[in-house]
Amino acid sequence: MVKIAPSILAADFGKLDEEVRSVEKAGADLLHIDVMDGHFVPNITVGVPIVASIKGKTSLPLDVHLMVSSPERFIKAFAEAGSDYLTVHVEIRSRLGKLIDAIHKLGVKAGLSINPETSVVRLEPFLKEIDIALLMSVEPGFGGQVFIPEVIYKIRELREKIERKNLTTSIEVDGGVNKETAGELISAGADILVAGTAIFGRKNRRGAIKALRGK
Ligand code: DX5
Ligand code: ZN
């Protein structure tokens with residue numbers, strides 16, 4: 001079954017504890033935390049202390065999405081704060097192979113993400129090494145944007161490559177995911193759906209998560 005990762009970017013930060021507990025109780029599989037540095041993307045969000053604080057309050061695996069230019073400077077701190085997954089972008093200048101290795105050495109699962117205009121081909125050399133391939137279906141930086149449908153072709157293309165190579169890499173999709181777009185993403189081969197607005201924007205969290213699974 002597809003996994004659902006609520007993105008806390010759309011949560012009420014004034015009562016983050018309660019928000020996290022609500023999605024855990026409602027059947028979420030992972031908790032997606034968007035870290036932005038105001039450089040890789042034109043926005044700033046949360047950092048290490050928030051990850052550490054959430055870690056103490058939930059048993060959901062923490063899926064930390066690093067939209068930062070130099071993640072090598074921060075991965076150790078994010079690992080120590082309790083991240084279960086650390087995902088970095090291929091569009092940064094850092095040496096990706098080295099970075100993925102370093103994440104694994106910290107005992108954390110590694111993800112690699114591509115922006116909407118970046119080709120799946122850029123992920124290919126690392127597919128065997130990474131645990132998650134994160135396909136952005138909006139320009140990274142803000143929640144609540146409109147889904148870019150071209151990602152569906154990328155999911156299919158990536159699914160094919162993963163099957164062909166007999167790999168276990170999970171395909172995660174992030175941005176503008178809602179009950180209207182989820183079905184097509186799942187049939188194209190997505191394993192994990194990230195959703196901010198479509199979950200935290202609704203009072204009935206259980207209903208919202210169920211709707212994304214299509215049942
Ligand atoms: C965007 C973030 C997303 C965002 C998704 O840069 O990576 O995780 O929170 O929000 P929605 O689901 O509202 O598009
Ligand atoms: Zn994200």
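For the structure, see preceding data.
For clarity, every value in this text was computed on a predicted model and none was experimentally measured.

S.K.: Describe in detail the packing of helix α1 (residues 16-25) against helix α8 (residues 205-213), supporting the description with residues and values.
M.R.: Relative to each other, α1 and α8 sit at 50 degrees, their axes nearing to 8 Å. On the basis of the axis angle, α1 is oblique to α8. With respect to the hand of their crossing, α1 and α8 are arranged in right-handed fashion. Residue-level inspection shows Glu19, Ser22, Val23 and Lys25 of α1 in contact with α8, the latter providing Arg205, Arg206 and Ile209.

S.K.: Give a description of the site of ligand 1 that names residues and reports values.
M.R.: Near ligand 1 you find 20 residues, and of these Asp34, Gly141, Asp174, Gly196 and Thr197 are the closest. Between ligand 1 and Gly141 there is a distance of 2.8 Å, counted from an oxygen atom to a backbone nitrogen or oxygen. In this structure, an oxygen atom belonging to ligand 1 sits 2.7 Å away from a main-chain N or O atom of Gly196. Looking at the shell around ligand 1, the elements that each hand over two or more residues are β2 (31-36), β3 (62-67) and β8 (192-195). With 3 residues, the single largest contributor to the shell around ligand 1 is β2. Residue classes in the shell around ligand 1 are distributed as 8 nonpolar, 10 polar and 2 charged.

S.K.: Explain helix α4 (residues 96-105) to me, using residue names and the numbers behind them.
M.R.: Of the positions making up α4, those classed as buried are Leu96, Leu99, Ile100 and Ile103. Seen end-on, α4 carries its buried residues on one side only, within an arc spanning 100 degrees. Along α4, exposed side chains directed more than 90 degrees from the buried face belong to Lys98 and Lys105. On its buried face, α4 is in contact with α3 (75-80), β4 (85-89) and β5 (109-114). At the exit of α4 stands Gly107, carrying a positive phi of roughly 85 degrees.

Rules used in this analysis
- Residues numbered from 1 in each chain as written.
- Chains lettered and ligands numbered in written order.
- Predicted model: local features only at pLDDT ≥ 70, side-chain atom pairs only at ≥ 80, totals over all residues.
- Heavy atoms only, no water.
- Axes fitted to C-alpha atoms, helices over the stretch in contact; angles between N-to-C directions.
- Helix = DSSP H or I, 4+ residues; strand = E, 2+ residues; numbered from the N terminus.
- Parallel < 35°, antiparallel > 145°, perpendicular 65-115°, else oblique.
- Left-handed = near helix turned anticlockwise from the far one by under 90°.
- Contact = heavy atoms within 4.5 Å.
- Near = heavy atom within 4 Å.
- Polar contact = N/O pair within 3.5 Å; in protein donor to acceptor, adjacent residues only side chain to side chain.
- Nonpolar A, V, L, I, M, F, W, Y, C, P; charged D, E, K, R; others polar.
- Buried < 20%, exposed > 50% of the residue type's maximum accessible area, 1.4 Å probe, protein only.
- Arc of directions from axis to C-beta.

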